[in-house]
Amino acid sequence: MHLSEQEIQRRKDREELIALGIPPYPAETFEINVTAADIHQNYEKRKMDYKSISIAGRLMSRRIMGSASFAEIQDSTDRIQIYLRRDDLCPGEDKTLYNTVFKKLLNMGDILGIKGFVFTTQTGEISIHVQELTVLSKSLRPLPIVKEKVDEEGNVRTWDAFTDHEMRYRQRYVDLIVNPEVRETFRKRTFMINSIRNFLNDHGYLEVETPILQPVYGGAAAKPFTTHHNKLDMKLYLRIANELYLKRLIVGGYDGVYEFSKDFRNEGMSRFHNPEFTQVELYVAYKDYLWMMELVEEMIEKAALDLHGTTQVKVGEQVIDFQLPWKRFTMFESIEHYTGIDISGMEEEELKQTAERLEVEIDPSMGKGKLIDAIFGERCEPYLIQPTFIMDYPIEMSPLAKKHRSKPGLVERFEAICNGKEICNAFSELNDPIDQRHRFEEQLELGKRGDEEAMVLAEDFLRALEYGMPPSAGLGVGIDRLAMIMTNQPSIQDVIFFPQMKPEKKQAVATEQEFIDQGIRQELIPLLQQTGIETIEQLKSANPNKLFNDVCATRKKMKLNDVKNPTLEEVKTWITK
C-alpha cells in the first residue's frame, strides 16, 4: 500500500503518542453530558448549566498562538469553538499535553474528548474553555477540509470541497463528516419514515416482516436477483416485492398489515433507480382503491407537515403542494390530454404504430400493457409535477389488480405521480383465484416472448387465495423517491446511504523500472511517490515547476542529505520523455 506524505506522518504521530503513554484508541467509556447544538441553543438562557461540561468531537480546525490556541470540534449535532491555554491544560511543570500532543501530534480529523466550561469570547463567540483533553481516536487519513475566504466584495469563496459525486457516494463516511447538509438530508429521511410509520400505527395496522429470500418471486414486474441455498440445494430469489406474502397474512385473518421492506430488482440504474431500494407496502381488508387514494393523500400530506411544517415543499425550481385533495386522471384521459390521441380502443398492433409515431422506444417483447405503459411514461409522466392520481389502468398492465366494477377491460388501480415520477402504486386487490391463475398464465406467455420482467406463476399464493381472501386494498410507496422530493435531492443516490456503485477503478501503480525508464534516478523514486505520483500518466500530466519544488521539499523533510536534488531541467525530461 502506497501512503502519501501526510499518511506516513500521521502513522508516525500515532507511534509517538504510544511512546508517550497516550493510547490513540482508548477502550474506556468517555461520558458525554452535552452536545454542540445544545450549547449553542441554550447557553445564553442557562449559563450556570455549562460550568462543567464533557463533550466529544472531531477536530476540524485550529489556530495555534503560542501558549494559547483556538480550535473547532464537530460532534453529531454541530461545530463549536474550543479554547486551549497551556497552563490551564497542563497546570504542573509537564507541558507535554499542550506543547507536544496538541501542537504537534494531533491532526484534523482526530476525535477528542473535551472537559471544561463554556464562556463567550471578546468577539461574542460561544466557546469551550478546555481543562482536560483526551485523545479518543487518531485519524490516519487527512480529511478533504473545505476552505473559505471572503473576497473584496464580501462574497464567501470555497475550494477543496468534497463534491465529486462518485467519491461522495463511494466514501459516504467522508461525505457525512465534511458536508453537514448531507447528514441533515438523512435525518429528514428518517423523520419522514417515522411519520408514515406513526400514521399507520395510529390507524391500527400491524407492522410485520416477510421473507427476503423467496423460492418464487412475485408482486411486481421486474427481473430478480438469484442465489443458491447450499443446504437445501435450491435456487432462491431476492424479493422484488413483498405483496404476495402480505396478502397471505390478510387471508390468515389480519385486517391491516404493512412492512417497510428492502426490495431488489435486477434492472438498470439511473438517478431514479437503485437495484436495492426501500418501499412500504400496506394491505387493508374490506377496502378498495378509492378509499386507499384518500389514505395516501392524508398520509403524505401529514409527512410533509411533520417534516416542513407546511404542505408546500421546494423541489428544484418547483414548489410542490401536498395539500389534499390531489388531482385525478384516468390513464386514458392523461394520454389523450398530453398526446391528443385516444388509445382506449387500440389493440397491440395499433399501439405499436402509435408508439412509433410518438417516437416512444419499444421492443418486440412488449405486450399491450407494456406498450401503454411506455407511451404514458414517455409522453405524460414527466409533465405531472404536482401530486396527481392516475387511475383505471388497462387489465394487461396489472396482473394483480381487480377488474373494474364498471369499465370493461380496465382494473381498479392507481399510481400517484409527483415531480414527474411514480411515488406509489395501489389496487383493489384481485382475490378471485380463478381470475388470478388466468392472469399469471398470460404473464407466462409474455415471458416466452422474451419479457424478462413478466410475472411467474405462484402456486402457493393461488392456494392461499383459494381459501378465501376478503376484498382488500393494497398500496406500495417508494420511500427513496418520496425522500428525494421531501429533501429536495436530484438523485436517488443522494437519499441512500450506500448506493450501488461500479467496482472502484484502481490505477496500476508504475513499477520502479518504469520510472527508471523515464530517466528518474532510483534514489529519487521514493521521493516522487511521496508527492503523489504513482503512474506514468500522472507524471506526464504534472507541472514540472511544481513537481521540482515538491520533490526537493520532500527530500528536505525526509532529511535525505545523501540524496542529490534533481535539477529543474532533469524533472522536465521526466515529463517529456
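Look above for the structure.
This one's a predicted model, so the numbers in the text were calculated from it and none came from an experiment.

What counts, and where the lines are drawn
- Residues numbered from 1 in each chain as written.
- Predicted model: local features only at pLDDT ≥ 70, side-chain atom pairs only at ≥ 80, totals over all residues.
- Heavy atoms only, no water.
- Helix = DSSP H or I, 4+ residues; strand = E, 2+ residues; numbered from the N terminus.
- Buried < 20%, exposed > 50% of the residue type's maximum accessible area, 1.4 Å probe, protein only.
- Contact = heavy atoms within 4.5 Å.
- Areas by Shrake-Rupley, 256 points an atom, 1.4 Å probe, with all protein chains shown as cover.
- Lys, Arg positive; Asp, Glu negative; His and termini not counted.
- Charge placed at Lys NZ, Arg CZ, Asp CG, Glu CD.
- Phe/Tyr/Trp six-rings, centres within 6.5 Å; stacked < 30°, edge-to-face > 60°.
- Lys NZ or Arg CZ within 6 Å of the ring centre and 35° of its normal.
- Arc of directions from axis to C-beta.
- Pairing = 2+ DSSP bridges.
- Axes fitted to C-alpha atoms, helices over the stretch in contact; angles between N-to-C directions.
- Salt bridge = Lys/Arg side-chain N within 4 Å of Asp/Glu carboxyl O.
- Core = buried A, V, L, I, M, F, W, Y, C linked by side-chain atoms within 4.5 Å.
- Parallel < 35°, antiparallel > 145°, perpendicular 65-115°, else oblique.
- Left-handed = near helix turned anticlockwise from the far one by under 90°.
- Patch = residues over 30% accessible without salt bridge, like charges linked within 9 Å, V, L, I, M, F, W, Y side chains within 5 Å.
- Expected span 1.5 Å × (residues − 1).
- Polar contact = N/O pair within 3.5 Å; in protein donor to acceptor, adjacent residues only side chain to side chain.

A separate point is the overall build of the chain. When helices and strands are counted, the chain shows 20 helices and 20 strands. For the chain, the residues scored as buried account for 47% of the 577 residues in total. Taking the intrachain contacts of the chain between residues at least 6 apart in sequence as the baseline, contacts between residues at least 24 apart amount to 63%. Summed over all atoms, the accessible surface of the chain reaches about 29,400 Å², with 50% contributed by carbon and sulfur. With 75 positive and 93 negative side-chain charges, the chain shows a separation of 7 Å between the mean positions of the two kinds.

Remark: the centre distance and the inter-plane angle together describe each pair of aromatic rings, the angle taken between the planes. For the structure shown, the criterion picks out 14 aromatic pairs. Between F70 and Y83, the aromatic rings sit 5.1 Å apart at their centres with planes inclined by 45°, giving tilted as the arrangement. One end of the pair, F70, is in strand β2 (residues 68-74); the other, Y83, is in strand β3 (residues 79-85), with 13 residues separating them in the sequence. With a centroid separation of 5.0 Å and an interplanar angle of 75°, the aromatic rings of F389 and F414 are classed as edge-to-face. A residue pair is termed long-range when its members are at least 10 positions apart, and F389 in strand β17 (residues 388-394) and F414 in strand β18 (residues 410-418) qualify at 25 residues. Each member of the pair, F389 together with F414, is buried. One aromatic cluster in this structure is built from F70, Y83, F117 and F119. Above the plane of the ring of Y393 lies R413, whose end atom (NZ or CZ) is 4.3 Å from the centre. Sitting over the ring of F272, K421 keeps its end group 4.9 Å from the ring centre.

What follows covers helix α10 (residues 331-339). Residues M331, F332, S334 and I335 constitute the buried set of α10. On an axial view of α10, the arc spanned by its buried residues comes to 160°, and they lie on one face. In the core, the buried residues of α10 are packed alongside β16 (327-330), α12 (368-379), β17 and β18. Positioned one or two residues after α10, G340 has a phi angle of 80°, which is positive.

Time to look at the sheet that holds strand β1 (residues 53-65). On the basis of which strands lie adjacent, the closed barrel formed by 5 strands has the order β1-β2-β3-β5-β4 and mixed pairing. Each strand of the sheet is rotated relative to its neighbour by a mean of 50°, with strand direction disregarded. Where strand β4 (residues 111-120) meets strand β5 (residues 126-137), 10 bridges bridge the pair, whose relative direction is antiparallel. By the bridge assignment for β5, K115 is matched with E132.

This part covers the environment of A222. Along the chain, the position of A222 falls in the loop between β9 (213-214) and β10 (226-229). A relative accessible area of 1% means that A222 is categorised as buried. As a C-alpha pair, A222 and T339 span 117 residues in sequence and 27 Å in three-dimensional space. Not counting residues within four places of it along the chain, the set of residues in contact with A222 comprises Y217, I240, R265, E452 and E453.

When the charged atoms of two side chains lie near each other, side chains of opposite charge can form a pair. Following the criterion strictly, the structure yields 40 salt bridges and no others. Its salt-bridge partner being E166, residue R170 comes within 2.8 Å of it at the nearest N-O pair. On the criterion of helical spacing, the pair formed by R170 and E166 is a turn pair, its members being 4 residues apart in helix α5 (residues 165-170). Exposure remark for R170: the relative accessible area of 17% places this residue in the buried category. By sharing partners, the salt bridges in this structure join R168, R172, D175 and D494 into a single network.

To continue, consider the nonpolar core. Considering soluble globular proteins, one finds that nonpolar side chains tend to be buried as a cluster. By size, the foremost hydrophobic cluster in this structure holds 47 residues, and its most contacted members are F322, F414, L475 and M486. Per element, the largest residue contribution to this core is 10 residues, and it comes from helix α9 (residues 289-308). Ignoring anything within four residues of it in the chain, the contact list for F414 reads Y289, M292, M293, V296, F389, I390, M391, Y393, C424, N425 and A426. The next biggest cluster of nonpolar side chains, apart from the first, holds 41 residues, and it includes I250, M366, I375 and A458.

Here we come to the packing of helix α8 (residues 243-251) against helix α14 (residues 459-466). With their axes 9 Å apart at the nearest point, α8 and α14 run at an angle of 25° to one another. Taken together, the axis directions place α8 and α14 in an arrangement best described as roughly parallel. Here α8 and α14 pass one another in a crossing that is left-handed. Side by side, α8 and α14 meet where L244, K247, R248 and V251 of the first sit next to D460, F461 and A464 of the second.

Further remarks concern a nonpolar patch on the surface. On the surface, Y173, F497 and F498 cluster together to form a nonpolar patch covering roughly 360 Å² of accessible area. With respect to the secondary-structure elements, F497 resides in the loop between α15 (479-486) and α16 (512-517). Residue classification places F497 among the partly exposed residues on the basis of a relative accessible area of 38%.

The next point concerns the environment of L246. As for its placement among the helices and strands, L246 is situated in helix α8. For L246, a relative accessible area of 0% puts it in the buried group. C-alpha separation for the pair L246 and R11, spaced 235 residues apart in sequence, amounts to 53 Å. Once residues lying within four places of it in the same chain are set aside, the contact partners of L246 are V208, T210, V257, E259, E281 and Y283.

Here α9 contains 20 residues, and its C-alpha end-to-end distance of 28 Å stays within 8% of the 28 Å for a straight helix at 1.5 Å per residue. Buried within α9 are the following residues: Y289, M292, M293, L295, V296, E297, M299, I300, E301, A303, A304 and L307. Sitting at the amino-terminal end of α9 is D288, which places a side-chain oxygen 3.2 Å from the backbone nitrogen of L290. G309 lies just past α9 and shows a positive phi near 75°.

Turning next to the environment of K287. Here K287 is to be found in the loop between β13 (276-285) and α9. Exposure remark for K287: the relative accessible area of 32% places this residue in the partly exposed category. Once the C-alpha coordinates of K287 and S472 are considered, the two residues, 185 residues apart in sequence, prove to be 5.0 Å apart. For K287, the contacting residues outside a window of four places in its chain are P471, S472 and A473.

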